[in-house]
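A structural walkthrough
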Amino acid sequence: MALLPPTIHQGILNFPGATPESKATAERLLEQDREKHHCFWGKIGLHNHLSHHILAAYDLGVAAQQLEAIYNAEKEGLDDIHLADRKTKVVEEQHLNISPKNWTEFLGQEKFYASYVRFFSGVIAELGRAETLEQYIFSPSANGNGSSMLLRFVGGAVHPLIQTGYAIEFGSDAMLAQALAQTAVHSPSTPEIFDLQPQPNHHSSTKKLNGHRQPSQGHSLLAILRETYDSSIMQPVLPYDPDALLSKRLNDALEDGRRAREIVRLSNLWVVDHSDIESKIEELIWTATLLLVSSGKQNRKPRLDFFLMHFLNASIFLPSLVSTLPRAESKTTLLRTMIPVMLLYLLIRGRPRIDADLVMGYTSIPRPPTTPTPQPAKSTLGEPGQEAYLNPWPEILQSVVHAPDAHTVKAIRALYYGARMYGTTQKGGAIGAFLPNGEETVKGMANVDGTVFVRAAGMVMNTLGWVSHGQGEGSWDRSALGWEDAWKDED
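Just so we're clear, the structure is a prediction, and the values are computed from it rather than from any experiment. (Residues numbered from 1 in each chain as written. Predicted model: local features only at pLDDT ≥ 70, side-chain atom pairs only at ≥ 80, totals over all residues. Heavy atoms only, no water.)

Here we come to the overall build of the chain. Looking only at helices and strands, one finds 19 helices and six strands in the chain. The C-alpha atoms of the chain give a radius of gyration of 22 Å, which matches the 23 Å a tight globule of 491 residues would have. Its C-alpha atoms give the chain principal-axis dimensions of roughly 65 × 55 × 50 Å. For the chain, the proportion of its 491 residues judged to be buried stands at 58%. A fraction of 77% describes how many contacts in the chain between residues 6 or more apart in sequence connect residues 24 or more apart. (Helix = DSSP H or I, 4+ residues; strand = E, 2+ residues; numbered from the N terminus. Rg over C-alpha atoms; globule rule 2.2 N^0.38 Å. Buried < 20%, exposed > 50% of the residue type's maximum accessible area, 1.4 Å probe, protein only. Contact = heavy atoms within 4.5 Å.)

Encoded structure:
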């Protein structure tokens with residue numbers, strides 16, 4: 001199947017530690033995954049995260065042996081690349097020649113995943129990454145007559161976007177073929193929540209109003225969340241059913257069409273201009289972080305929603321994706337497409353409200369549960385054993401690469417990127433922390449500064465477990481924590 005080289009380059013963080021051996025090991029293991037495994041596994045079609053886990057750990061500088069350990073753990077339970085029927089586990093290679101003329105005829109059919117990998121390998125070899133994305137994700141021909149490739153791209157908790165993000169960030173054409181094949185066999189996101197008609201094109205930049213950062217046009221994402229919380233239409237469906245599948249929550253929420261129309265209205269309040277892409281990415285990273293770590297309750301055990309976590313994990317790829325896309329309209333469309341999906345997941349998780357005081361109440365110097373006390377020499381500068389002298393990130397990164405769940409290292413990597421980019425932000429300095437009248441958009445934003453990312457990382461580590469320090473593995477929350485009844489049982 002290999003038409004494209006298996007090579008990768010360094011990631012966006014490029015944490016020191018990569019060696020010729022670890023690079024070669026990562027490339028070999030990624031190729032094995034690509035040749036052997038389907039993008040879905042299990043009877044309900046979970047996503048294959050093996051390549052994500054390998055690359056996230058590689059970007060944090062792990063040794064080749066650790067990459068092997070990750071591969072051996074993640075490969076368990078994965079399905080054969082030629083899986084023909086997920087429910088019966090029938091494996092049968094499909095001898096199908098997908099071409100530029102017929103490629104839309106087999107969309108949404110999982111058994112043609114390997115056929116699509118072969119097809120997109122050829123396309124990428126001919127057109128290159130950027131033009132392939134333009135033609136097969138963003139062009140009208142890729143989205144008409146039910147093809148809906150852009151909506152497939154953000155379907156399934158944005159997994160196709162995440163897979164593509166890894167491919168672009170690490171410069172892997174072979175992985176891009178894998179990602180586009182996953183997109184092709186995916187179901188599209190709900191079309192009723194999207195209105196991606198071009199917005200007025202005014203050159204814009206972030207402005208200050210009453211000393212607070214605001215978009216020069218439209219609403220901030222945090223202001224849109226405020227409207228979402230205040231909207232009577234966006235009330236979650238009652239009664240709360242703790243056992244409801246995600247598909248049922250989705251169908252119930254959109255059944256009468258009112259919430260879908262409200263999502264369209266709210267999403268269009270966010271105006272994206274190609275001259276202000278960086279600040280829009282900044283808004284997305286802050287908002288995704290707050291939705292994950294500030295949507296619990298005071299004086300209760302922290303909960304981190306499994307589905308909202310995916311928006312944080314996707315956010316780190318936006319800089320790489322927009323820098324690869326050659327057309328300004330595609331860059332803005334990519335960012336705009338994220339908002340309806342985020343609002344939809346917020347709705348079907350019970351519309352959890354951000355309380356930023358939650359995350360700001362956590363320490364800005366998170367530590368593992370057991371840490372040896374150093375015995376410094378007399379000539380040592382400072383006090384290495386005292387928290388006030390510590391940078392907590394190295395210990396977080398060294399521990400998280402041993403986490404058994406791929407989502408954990410992915411989330412920490414995204415938070416580390418947020419800290420690197422925005423860690424010096426002053427209190428109240430996030431875009432849209434305040435409404436134009438000076439009122440907080442959401443509770444606690446006046447006190448939120450750039451330490452939010454390391455505090456969030458501490459929450460993730462404490463909740464999912466500092467496993468390399470002996471703490472047991474925790475879990476992501478799947479209760480749909482926005483509903484009050486999701487909290488009625490004791491912690």
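So, about the packing of helix H2 (residues 50–59) against helix H3 (residues 64–74). Two measures define how a pair of helices packs: the angle their axes make with one another and the distance between the axes. Interaxial distance between H2 and H3 falls to 10 Å at its minimum, and their mutual angle equals 165 degrees. Looking at the two axes, H2 sits roughly antiparallel to H3. The two elements H2 and H3 cross, and the hand of that crossing is right-handed. Of H3, the residues touching H2 (which contributes Leu50, His53, Ile54, Ala57 and Tyr58) are Leu67, Ile70, Tyr71 and Glu74. Residue composition of the contact of H2 with H3, by class: seven nonpolar, one polar and one charged. (Axes fitted to C-alpha atoms, helices over the stretch in contact; angles between N-to-C directions. Parallel < 35°, antiparallel > 145°, perpendicular 65-115°, else oblique. Left-handed = near helix turned anticlockwise from the far one by under 90°. Nonpolar A, V, L, I, M, F, W, Y, C, P; charged D, E, K, R; others polar.)

In this structure, proline 239 follows leucine 238 across a cis peptide bond, with omega equal to 0 degrees. Among the structural elements, proline 239 can be located in the loop between helix H9 (221–230) and helix H10 (246–254). Phi at asparagine 145 takes a positive value of approximately 55 degrees, unusual for a residue other than glycine. Within the element layout of this structure, asparagine 145 appears in the loop between helix H5 (129–138) and helix H6 (149–153). Judged by its relative accessible area of 87%, asparagine 145 falls in the exposed class. In this structure, alanine 480 is a non-glycine residue whose phi angle is positive, near 65 degrees.

So, on to helix H15 (residues 328–348). Along its 21 residues, H15 runs 32 Å from first to last C-alpha, staying within 8% of the 30 Å computed at 1.5 Å per residue. For H15, the tally of buried residues reaches 19 of 21 residues, placing the bulk of the element in the interior. Downstream of H15 by a residue or two, glycine 350 has a phi angle that is positive, lying close to 90 degrees. (Expected span 1.5 Å × (residues − 1).)

What follows concerns the nonpolar core. By size, the foremost hydrophobic cluster in this structure holds 148 residues, and its most contacted members are Trp103, Tyr116, Phe120, Trp393 and Ile412. The element best represented in this core is H15, accounting for 12 residues. With residues near it in sequence (within four places) discarded, tyrosine 116 still touches Ile98, Trp103, Phe106, Leu107, Ala181, Ala184 and Val185. (Core = buried A, V, L, I, M, F, W, Y, C linked by side-chain atoms within 4.5 Å.)

Let's shift gears to the pattern of salt bridges. Under the definition given, this model contains 24 salt bridges. Where salt bridges share partners, they join Asp59, Glu169 and Arg413 into one cluster. (Salt bridge = Lys/Arg side-chain N within 4 Å of Asp/Glu carboxyl O.)

Tracing the backbone through its elements, the reader meets histidine 402 in the loop between helix H17 (393–400) and helix H18 (406–422). When its relative accessible area of 41% is taken as the criterion, histidine 402 is described as partly exposed. Linking histidine 402 and isoleucine 70, residues 332 residues apart in sequence, is a C-alpha distance of 8.5 Å. Setting aside chain neighbours within four positions, we find histidine 402 in contact with Gln66, Val467 and Ser468.

Here glutamate 283 is to be found in helix H12 (residues 277–293). Leave out the neighbours within four places in its chain, and glutamate 283 touches Pro215, Ser220, Leu221, Trp270 and Ile431.

A complete count under the given rule lists 18 aromatic pairs for this structure. Here the aromatic rings of tryptophan 286 and phenylalanine 453 are separated by 5.0 Å at their centres, their planes lie at 70 degrees, and the arrangement is edge-to-face. With tryptophan 286 in helix H12 and phenylalanine 453 in helix H19 (residues 452–464), this residue pair connects regions lying 167 residues apart in the sequence. Exposure remark for phenylalanine 453: the relative accessible area of 0% places this residue in the buried category. Linked through ring pairs, Trp103, Tyr116, Phe119, Phe120 and Tyr136 together constitute an aromatic cluster. The ring of tryptophan 487 carries the charged tip of arginine 303 above its face, separated from the ring centre by 3.8 Å. Across the ring face of phenylalanine 306, the terminal group of arginine 478 is positioned such that the distance to the ring centre comes to 3.9 Å. (Phe/Tyr/Trp six-rings, centres within 6.5 Å; stacked < 30°, edge-to-face > 60°. Lys NZ or Arg CZ within 6 Å of the ring centre and 35° of its normal.)

Helix length check: helix H1 (residues 20–36), at 17 residues, gives a terminal C-alpha distance of 24 Å against a target of 24 Å (1.5 Å per residue), a fit within 8%. Of the surrounding secondary structure, the elements contacted by the buried residues of H1 are H2, H3 and helix H8 (173–185).

Relative orientation of the contacting elements helix H7 (residues 155–169) and H15 amounts to 150 degrees, with a least axis distance of 10 Å. Here H7 lies roughly antiparallel to H15, going by the angle between them. On H15, the residues that touch Gly156, Ala157, Val158 and Leu161 of H7 are Leu334, Met338, Val341 and Tyr345. Looking at the contact of H7 with H15, its residues break down into seven nonpolar, one polar and no charged.

Of note, serine 51 is situated in helix H2. By relative accessible area, serine 51 is classed as buried at 2%. Spatially, the C-alpha atoms of serine 51 and alanine 184 are 18 Å apart, while their sequence positions differ by 133 residues. Dropping the residues within four chain positions of it, serine 51 is found in contact with Leu30, Asp33, Gln163 and Met175.

With that out of the way, let us pick up the side chain of threonine 228. Tracing the sequence through the fold places threonine 228 in helix H9. Given a relative accessible area of 1%, threonine 228 falls into the buried group. Of note is the side chain of threonine 228, whose polar atom sits 2.8 Å from the backbone oxygen of isoleucine 224. Setting aside its immediate chain neighbours within four residues, threonine 228 contacts Met234, Leu266, Leu343, Leu346 and Arg351. (Polar contact = N/O pair within 3.5 Å; in protein donor to acceptor, adjacent residues only side chain to side chain.)

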